[in-house]
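Take a look at the letters that make up each chain.
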Amino acid sequence: MAISTLVQRTTFIFLFFPSVFLGQTLLRGTVVDSTTGDPLIGVNIVVQGTSLGAATDIDGQFRVAYLPARLVIIKASCVGYESKLTEVDFSKNKEIQIDIHMRPSVIQGEEVIVTAQMHGQIAAMNQQITSNTIINVVSEEKIKELPDANAAEAIGRLPGVAIVRNGGEASEVVLRGLSSKYSNITVDGVKIPATDADTRDVDLSTMSQGSLAGIELYKTLTPDQDADAIAGTINLVTRKAPTERELRFDLMGDYNNLMNSAKQYDFQVRYGERFFNNVLGIQLQGNLESKIRSKENISYDYLDKQSNSYIAQYPNDAHFDYYMLGSFTSTFTDEQRTRQGIQGIIDLNTPDSGSIKFEGMYSGTGRNITTNSRVYVGADPSSYWDYNYDYKELRISTTNASLQGKNYFGGFELNWCASYARSATDNPYDFALKFTEPGGGKGVVVSGGGDQNLPPVDVKTQLIDHAVNNFVAAACSTGVYTKQNNADQEKTAYLNVTKEYTLGNIFSGELKFGGKYKEKNRWMTDVVDDDNNYLHGYASYPSGIDTTALLSSRFASYYNSTIATNLNYFIDTPPGTRNLMGTYPFSPLINVDALKQWYSLFQNANSKGNPEFISSAAGAITDYNVTERVSSAYLMNTFNFGQFSSFIAGVRVEQESNDYIAKYSTGALGLIGIAVSTSSPLLDSTAHFTQTIWLPNLQWILRPTDFLNVRLAAYKAIARPDYNLRLPQFYDQSQSGNQILLTSGNQNLKDMEAWNFEANTQIFGGSIGLISVSVFEKKIDNFIHVTDKLQLDKNIYDSLSRVYNLVPTNPAIVSLIHQSNTMLVVLPYNDNLPTYVWGIEFEHQVNFNFLPGLLKNISLSYNASLTRSLTHIFVSKTITYVTLDSSYNKLTKKWTYSNTQNYIKTYEVDEHDSEGQPKLYGNAALGY
């Protein structure tokens, strides 16, 4: 009812103005730095005495329509430059082109030369000041001059942004305490599909920051933007080809101290040029990178000998006789990361003062990761030791191709686009081996050689010496081969139509409407093969092996043998070693070629009908295919009251129609050997989901002075579930204690809906730069959680299902729950209580060009963010209560009392911070 009324009233306002559309006059122009000729971004262009104006774009260009047919004065102003007044006479001409040259601010009579970094910071400040929405910007110059490893790290310099690291470099961004899956990542407005196997996360480490002309972070959305961005939208910006030919090569290298290697490089090349009197532009660029992302780490805990329970840390004031090492794990990860990218842009300036741009971009990242890990289970010499090794290859790529344009026809501005985007994550090779060494230590002799009779040492400093290090006796206990592929491709088309209008000299506005259709197809295939024979030798030669290759390999003695394959086969002589963190000796390092050779020899081996590797249902059960279709339309109006105030009102509607294909099992999953199998076939299951959501949007910008802006916003946004949460997938698996673990999707999941409220204040000027403070709150309904093995009693299933929409209504799942007295469930559900996220952000950017001498070249930016949240997690809780039993003895004439403990399972909602949310974080950069 409220939304319907809002739409009716807004539509009435929009349609009230058809009689005021005047004959069009047009002012176009470019603003440049008078000393360097560089285009200036975010310059505020005002037609004095009217409400008309504009801001220069990334190419320094602006456009103002519907000017009065008389002499007008144009004022150009921005932080860091002197304001410029220009007279333009429209009494005889309907369309005029001007170029405005602005001088940097002069301090104490001394001319200021704007350096590259200062130019970039000025551009970023002025974009934030002149924007109709709340936005933060990273300039091209800042991207080039600061030592960020990729685009994610460059974004991490903005207020309200925290980053998630993988292999030592940033891979994902967390906006305002909300996971990266709640943000949209786009390139020139074209969305980058998710790269994660199940979630909507985008791995930004694939994107080289050198290919970008800037980064825009939209903290608030307008109706013309996709609504599935509760946290915000990050737009990676590219520019048109430069006016003058540009050919640039950059080559960098550095030394990695951990690996004592200089095999790291970063090579980038860029070419750009315009032809045919500036009509056609061509721009090409590419990058090749190689980085070492290796690491060393340890983890451990202690065991209380008296209670036989683990404790968090070793008590400094306790005698070691009462505490012993519970477990100690040392890990060395050798990782090499490569990245490649290529981008091509062709842009055409059209006769209508518009442009058409074709853009193609590919970015790819490859990781080869070798993990060497030793697990010491207890300081007791009789304990066993595990050796874990894993070699994997990981490839992530994103491809974007788009044809888009901005054109003008009949007084309307048309923004249109057709695009195709694809992200793929390919894990073609992941082979893990585990070897277990029998217990031994001082005074214990183990056959097969190795170090013996080791002296006792301080367990807190030299834990490695408690192992026997008998590599011949360390037999292989597990071998698992995995490969996974997931791809996400999205086709999109949209059209935005804008009509500007005026009401005299004081009022002006912009009516905008449009539509968008996008179709996404996403799939995932997962293969898990478990070694069925623990790498043990065969009494007779197995089939499926190249005899010649085997006999010429290091595994030749495996032929026609009954011996167990041990660690000695897979290491060098002498064994590779490392001194982790300069304290913990580590040996042996795996020979990766040996690991790969063994799998290539035995992957198809078969002995008497028993294959060496058997397919595990744990992989096949997770395969899925999802098709999402989203149709959207919007209507919005921007109304300007002089230069004092702007009011934006609009509404967006999005309708999704999705199809899901997944696997389910009607029988329980169980272990055969070490592989997961099912007692019945894996069957295809399908589901369909539709939902329509209306999203109102109100924003107000106040400019009471020429150095102060105040912005207020209230709008609604959404977040769709991760791809695996709505799947018609379920299976149950036996657990210890006769419990059943049920894992399932939930086809009843609703989209999350969030009301966003924000207030932003900006104070700016030549000497203070830009000071910005934002306060925000998000009220999120239908927040999606996943239960963590929730213990569900069949007797309360019905009530939970009604109240929390916790369990899907699939009859097979209901039957499983009703057949079990105790069921552990892993299920997604919508929280029936709202989740709140709120916080405050502070940012200051300033150039010290008012200081004397060399100090005037300093630029500074710093920010701080405080974020809090409140969400609710559904948990099971066991309550113990005591009943008092009594009986009367007629012979003694006395009462006898006895206490009996009883247990009851109940459920409650706990209040928590949002998962993985940072609390207080900030960033600072000092440039010269």
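The following refers to the structure shown. Quantities reported herein were computed from a predicted structural model and do not represent experimental measurements.

**Points about the side chain of Arg 176**
Structurally, Arg 176 is set in the loop between strand 10 (169-175) and strand 11 (183-187). Given a relative accessible area of 0%, Arg 176 falls into the buried group. At a separation of 2.6 Å, a polar atom in the side chain of Arg 176 contacts the side chain of Glu 758.

**A look at unusual backbone geometry**
Residue Pro 574 is bonded to the preceding Thr 573 through a cis peptide linkage, with omega at -5°. Here Pro 574 is to be found in the loop between helix 5 (547-551) and strand 26 (576-580). Positive phi, close to 55°, is recorded for Phe 276, a residue that is not glycine. Residue Phe 276 is classed as exposed on the basis of its relative accessible area of 64%. Residue Met 581 is not a glycine yet carries a positive backbone phi of 55°. You can see Met 581 is positioned in the loop between strand 26 and strand 27 (584-589). Given a relative accessible area of 44%, Met 581 falls into the partly exposed group.

**Remarks on helix 2 (residues 116-130)**
Across its 15 residues, helix 2 extends 21 Å between first and last C-alpha, which sits within 8% of the 21 Å expected from 1.5 Å per residue. For helix 2, the buried fraction is high: 13 of the 15 residues fall into the buried class.

**Focus on the pattern of salt bridges**
Applying the stated criterion to the full structure yields 44 salt bridges. As a salt-bridge pair, Asp 488 and Lys 520 come within 3.1 Å of each other at their nearest N and O atoms. Note that Asp 488 is positioned in strand 24 (residues 475-503) and Lys 520 in strand 25 (residues 507-531), a separation of 32 residues in sequence. With a relative accessible area of 0%, Asp 488 lands in the buried category. A salt bridge links Arg 720 to Asp 751, with the nearest nitrogen and oxygen atoms 3.9 Å apart.

**Some details on the pairing of strand 6 (residues 84-89)**
Sheet topology places strand 5 (residues 71-77) next to strand 6; six bridges connect them, and they run antiparallel. Note on strand 6: the bridge partner recorded for Ala 76 is Lys 84. Linkage of strand 5 to strand 6, two consecutive antiparallel strands, is achieved through a turn of six residues, within which Gly 80 is found at a positive phi near 95°.

**Quick notes on the nonpolar core**
Of all hydrophobic cores here, the largest spans 42 residues; its most connected members are Ile 215, Ile 234 and Leu 236. Elements with a minimum of two residues in this core: helix 4 (151-155), strand 10, strand 11, strand 13 (214-218), strand 14 (232-237), strand 36 (708-719), strand 39 (752-765) and strand 40 (769-781). Excluding its chain neighbours within four sequence positions, the residues that come into contact with Leu 236 are Ile 155, Thr 186, Val 187, Asp 188, Ile 192, Leu 204, Met 207, Leu 212, Gly 214 and Ile 215. With 29 residues, the next largest nonpolar core counts Leu 27, Val 43, Val 47 and Met 118 among its residues.

**With respect to the packing of aromatic side chains**
One pass over the full model with this rule turns up 23 aromatic pairs. It is Arg 176 that lies over the ring of Phe 776; its NZ or CZ is 4.1 Å from the centre. The side chain of Arg 578 reaches across the aromatic face of Phe 332, ending 4.2 Å from its centre.

**What to know about helix 6 (residues 592-602)**
The complete set of buried residues in helix 6 reads Ala 594, Leu 595, Trp 598, Tyr 599, Leu 601 and Phe 602. Here the buried residues of helix 6 occupy an arc of 165° about the axis, which is enough to place them on one side. Two to three positions downstream of the cap, the backbone nitrogen of Asp 593 sits 3.0 Å from a side-chain oxygen, assigning the N-cap of helix 6 to Asn 591.

**Considering the sheet that holds strand 7 (residues 95-102)**
The strand order across the open sheet built from three strands is 4-1-7, with neighbouring strands paired in mixed fashion. Each end of this open sheet is capped by a strand with a single partner; those strands are strand 4 (61-65) and strand 7. The average angle at which neighbouring strand axes cross in this sheet is 20°, direction not considered.

**Focus: the sheet that holds strand 13**
Spatial ordering of the open sheet is given by 8-13-14-11-12, a layout of five strands whose pairing is mixed. The sheet is open, and its two edges are formed by strand 8 (135-139) and strand 12 (190-191), each paired on a single side. Both strand 13 and strand 14 contribute to a ladder of five bridges, which runs antiparallel. Bridging across to strand 14, Gly 214 finds its partner in Val 237.

**Description of the side chain of Arg 652**
On the secondary structure map, Arg 652 appears in strand 32 (residues 645-665). One polar contact links Arg 652 to Glu 654, side chain to side chain, over a distance of 2.9 Å. Each residue touching Arg 652, except ones within four places of it in the same chain, is listed here: Pro 223, Asp 224, Gln 225, Asp 226, Ala 227, Lys 516, Ser 632, Ala 633, Tyr 634, Ile 693, Trp 694 and Leu 695.

**A word on the pairing of strand 40**
Bridge analysis of strand 39 against strand 40 gives 13 bridges, and the strand direction is antiparallel. Looking at the pairing, Phe 764 lines up with Leu 770 of strand 40. Remark: three residues form the turn of the hairpin made by strand 39 and strand 40, two consecutive strands paired antiparallel. Across 11 bridges, the pairing between strand 40 and strand 45 (residues 835-847) is antiparallel. Bridged to Phe 776 within strand 45 is Gly 839.

**Structural notes on the environment of Glu 753**
In this fold, Glu 753 is placed in strand 39. We classify Glu 753 as buried; its relative accessible area is 16%. Sequence separation between Glu 753 and Ala 719 is 34 residues, and the spatial gap between their C-alpha atoms is 6.7 Å. Here the side chain of Glu 753 touches Lys 716 through a polar contact of 2.9 Å, side chain to side chain.

**Points about the environment of Glu 490**
Mapped onto the elements, Glu 490 comes out in strand 24. Using a relative accessible area of 4% as the deciding quantity, one classes Glu 490 as buried. Separated by 67 residues in the primary sequence, Glu 490 and Ser 423 have C-alpha atoms spaced 9.0 Å apart. Those residues within four positions of Glu 490 in sequence are excluded, and the remaining contacts are Lys 191, Pro 193, Ser 419, Tyr 420, Ala 421, Lys 518, Glu 519 and Lys 520. In terms of polar contacts, Glu 490 uses its side chain to reach the side chain of Lys 520, at 2.8 Å.

Rules used throughout
- Residues numbered from 1 in each chain as written.
- Predicted model: local features only at pLDDT ≥ 70, side-chain atom pairs only at ≥ 80, totals over all residues.
- Heavy atoms only, no water.
- Helix = DSSP H or I, 4+ residues; strand = E, 2+ residues; numbered from the N terminus.
- Buried < 20%, exposed > 50% of the residue type's maximum accessible area, 1.4 Å probe, protein only.
- Polar contact = N/O pair within 3.5 Å; in protein donor to acceptor, adjacent residues only side chain to side chain.
- Expected span 1.5 Å × (residues − 1).
- Salt bridge = Lys/Arg side-chain N within 4 Å of Asp/Glu carboxyl O.
- Pairing = 2+ DSSP bridges.
- Core = buried A, V, L, I, M, F, W, Y, C linked by side-chain atoms within 4.5 Å.
- Contact = heavy atoms within 4.5 Å.
- Phe/Tyr/Trp six-rings, centres within 6.5 Å; stacked < 30°, edge-to-face > 60°.
- Lys NZ or Arg CZ within 6 Å of the ring centre and 35° of its normal.
- Arc of directions from axis to C-beta.
- Axes fitted to C-alpha atoms, helices over the stretch in contact; angles between N-to-C directions.

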